[in-house]
Amino acid sequence: MKPSLPATDRRLWALAWPLMLTNLTVPLLGLVDTAVLGHLESPEYLGAVAVGANLFSILYWTFGFMRMGTTGLAAQAWGKRDSFGQIALLLRSVLLAVGIGLLLILLHQPLISLGLTLMNPSPDVTGLAAEYAAIRIWSAPAVLCQYTLVGWLIGTQFPRGPMIMLIVANGVNIALDVLFVTGLGWNSRGVAIATVIAEYGAAAIGFAIVLSRMPEGQTLTRALFGELADYLRILRVNRYIMVRTVALLLVLAFFTAQGARQGDTILAANAVLITFLLIISNALDGFANAAEALVGEAIGKGSRRRFRVVFQSALRWSLWGALLLTIIFVVGGRGLIALLTGIEAVRTTAWQYLPWLWLLPFAAVWGFLLDGIFIGATRTRDMQNTMLFSALGVFLPVWWLTTDWGNHGLWFSLICLMLARALSMGWLCWSHTRNGRWFNGH
């Protein structure tokens, strides 16, 4: 009996479903954080974790190239069947991750102080957020190593590795959240401690998985470590992803800060809704992550036909995913908000802005998918330029023009950012395809 799906669709799904489960554990953790704190007596705890978590999103995902860049380079080495290149890339990237993580710990006090000053939450939230951040920073080396390990495992087409890493670690995190917050009454401090323990657990599991996949007979040679120039080359290749990621995360930080300026209730309501945005992005990223691996493999092999087929398959399934998410949030959005917080003012406020969430899946799906295509093709400069255009040329002007709309203007600006990314990246994708540039040196 012939299989019902084409071969490329089956390969895409074989990569995508473990990555979807992996990605969905991240907002699931956010849901639990929100739920355990949202049922406490005061919204300040929820606001503190929203501000603190946003600060760490900026801090850690500034170095998100440790994941994205590693995926594209590893996928191309996989397509070329270059075992030495795969292992050398992993080792050098891990060493960079540890070094950057230790540097962040050394510099954490001025970094946290600056971040909280820019976000400008209320005094009660500021104190709690500072305490949360001073604990969370100790996970920096583990988080950056995870990025590298996950990127390498995706690029070498072993998606079950990240799934095992993050599902187990986030399961521990969720259990510790409930114990520390509900059982021991540690509030936002307990959420931070639980997260640090889970991050090191995830890194340990990741290293065990990667070591089990090393080629037989491979020894730790001096050549694998490379020279200083090899590390600088990794940083240069990924500098565009770094700028792109910083721009995106500054937009999200700006979003949180503007919500905070409208009061703790708006801040908490936006934190609940942003958790659903994380669900959307992490679910749809499953197809984008699979596309990264398959596009990188196609380019490593020099196969234009494979590239085209992978793109069409990933686009088709991404759109179906966006439709399903839209239906879920239209039908069940109010109920999901009620599950996350028992504070009536926060619930009522979040319900007012729920319709913006209905628009997000189809506004955002194009950018998520094209990120995967551009990462697999290591077209990282294009990612940087389109994000800068979308943030500086669209998001900020739209927000400024709609300040009288209050929080509605803030959400409208975010939707416009997503659409600007879709249009600018889509135009470049069409241009590269028409002119045959995907397989050229860049």
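Residues numbered from 1 in each chain as written. Predicted model: local features only at pLDDT ≥ 70, side-chain atom pairs only at ≥ 80, totals over all residues. Heavy atoms only, no water.

Caption draft 1: Focus on the packing of helix α13 (residues 304-340) against helix α14 (residues 344-376). It is the contact of α13 with α14, at a shortest axis distance of 9 Å, that shows an interaxial angle of 170°. When the interaxial angle is binned, α13 and α14 end up roughly antiparallel. Among the residues making up the contact of α13 with α14, the classes are represented as 24 nonpolar, three polar and two charged. (Axes fitted to C-alpha atoms, helices over the stretch in contact; angles between N-to-C directions. Helix = DSSP H or I, 4+ residues; strand = E, 2+ residues; numbered from the N terminus. Parallel < 35°, antiparallel > 145°, perpendicular 65-115°, else oblique. Nonpolar A, V, L, I, M, F, W, Y, C, P; charged D, E, K, R; others polar.)

Caption draft 2: Inspection of the packing of aromatic side chains at higher detail. Throughout the structure, instances matching the rule amount to 10 aromatic pairs. Relative to W317, the ring of W13 lies with its centre 5.2 Å away and its plane at 80°, an arrangement referred to as edge-to-face. Of this pair, W13 sits in helix α1 (residues 7-38) while W317 sits in helix α13, placing them 304 residues apart in sequence. Ring geometry for F374 against W438: centres 5.2 Å apart, planes inclined by 80°, an arrangement best described as edge-to-face. Of this pair, F374 sits in helix α14 while W438 sits in the segment after α16 (407-435), and the two are 64 residues apart along the sequence. Taken individually, F374 and W438 each receive the classification buried, so the pair is uniform in this respect. Clustering of aromatic rings is evident, with ring pairs tying together W13, F287 and W317. Directly above the aromatic system of W351 lies the positively charged group of R334, at a separation of 4.0 Å from the ring centroid. (Phe/Tyr/Trp six-rings, centres within 6.5 Å; stacked < 30°, edge-to-face > 60°. Buried < 20%, exposed > 50% of the residue type's maximum accessible area, 1.4 Å probe, protein only. Lys NZ or Arg CZ within 6 Å of the ring centre and 35° of its normal.)

Caption draft 3: Quick look at the environment of V49. Positionally, V49 belongs in helix α2 (residues 43-61). C-alpha of V49 to C-alpha of L128: the two residues are 79 residues apart in sequence and 8.1 Å apart in space.

Caption draft 4: Fine view of the side chain of N407. Within the secondary structure, N407 sits in helix α16. The exposure class assigned to N407 is buried, which follows from its relative accessible area of 2%. Not counting residues up to four positions away in its chain, the partners in contact with N407 are Q262, I266, N270 and Y353. (Contact = heavy atoms within 4.5 Å.)

Caption draft 5: Local environment of a nonpolar patch on the surface. A grouping of W320, L323, I327, V330, V331, W358 and F362 is seen on the molecular surface, where their side chains present a nonpolar patch of about 680 Å² in accessible area. Of all the secondary structure elements, the ones that give two or more residues to the nonpolar patch are α13 and α14. A total of five residues in the nonpolar patch trace back to one element, the largest contributor, which is α13. Within the secondary structure, W358 is located in helix α14. Owing to a relative accessible area of 32%, W358 belongs among the partly exposed residues under this scheme. (Patch = residues over 30% accessible without salt bridge, like charges linked within 9 Å, V, L, I, M, F, W, Y side chains within 5 Å. Areas by Shrake-Rupley, 256 points an atom, 1.4 Å probe, with all protein chains shown as cover. Salt bridge = Lys/Arg side-chain N within 4 Å of Asp/Glu carboxyl O.)

Caption draft 6: Quick look at the pattern of salt bridges. Taken as a whole and judged by the stated rule, the model has six salt bridges. Residue D9 pairs with R316 through a salt bridge whose shortest N-O separation is 2.8 Å. Here the residue D9 occupies a position in helix α1, and R316 occupies one in helix α13, the gap between them amounting to 307 residues. Looking at D9, the relative accessible area reads 3%, which means it is buried. The class for R316 is partly exposed, based on a relative accessible area of 36%. A salt bridge links K301 to E297, with the shortest nitrogen-to-oxygen separation between them at 3.4 Å. Of this pair, K301 and E297 both sit in helix α12 (residues 264-301), separated by four residues, roughly a single helical turn. Taken together, the salt bridges that share partners define one network made up of R11, E297 and K301.

Caption draft 7: Structural view of unusual backbone geometry. The phi dihedral of Q157 is positive, around 60°, even though this residue is not glycine. By the secondary structure assignment, Q157 is in the loop between α7 (140-155) and α8 (160-183). Even without glycine at this site, T378 takes up a positive phi of about 50°. By secondary structure assignment, the location of T378 is in the loop between α14 and α15 (380-401). Accessibility expressed as a relative area gives 17% for T378, which makes it buried.

Caption draft 8: The nonpolar core, seen in detail. Membership of the largest hydrophobic core comes to 90 residues, with the highest contact counts inside it found for M66, L104, I373 and F374. Tallying contributions element by element places α7 first for this core, with 10 residues. Apart from the residues within four sequence positions on either side, M66 is in contact with S93, L96, A97, I100, L144, Y147 and T148. Within the second largest apolar cluster, 43 residues are counted, among which are V251, F368, W411 and L417. (Core = buried A, V, L, I, M, F, W, Y, C linked by side-chain atoms within 4.5 Å.)

Caption draft 9: Examining helix α6 (residues 123-136) more closely. The terminal C-alpha atoms of α6 lie 20 Å apart, and with 14 residues this matches the ideal 20 Å at 1.5 Å per residue to within 8%. Restricting attention to buried positions, one finds in α6 the residues V125, L128, A129, Y132, A133, I135 and R136. Axial view of α6: buried residues confined to an arc of 155°, hence all on one face. (Expected span 1.5 Å × (residues − 1). Arc of directions from axis to C-beta.)

Caption draft 10: View of the environment of I274. Looking at the secondary structure, you find I274 in helix α12. With 83 residues separating them in the primary sequence, I274 and L357 have C-alpha atoms 8.9 Å apart. With residues near it in sequence (within four places) discarded, I274 still touches F255 and W411.

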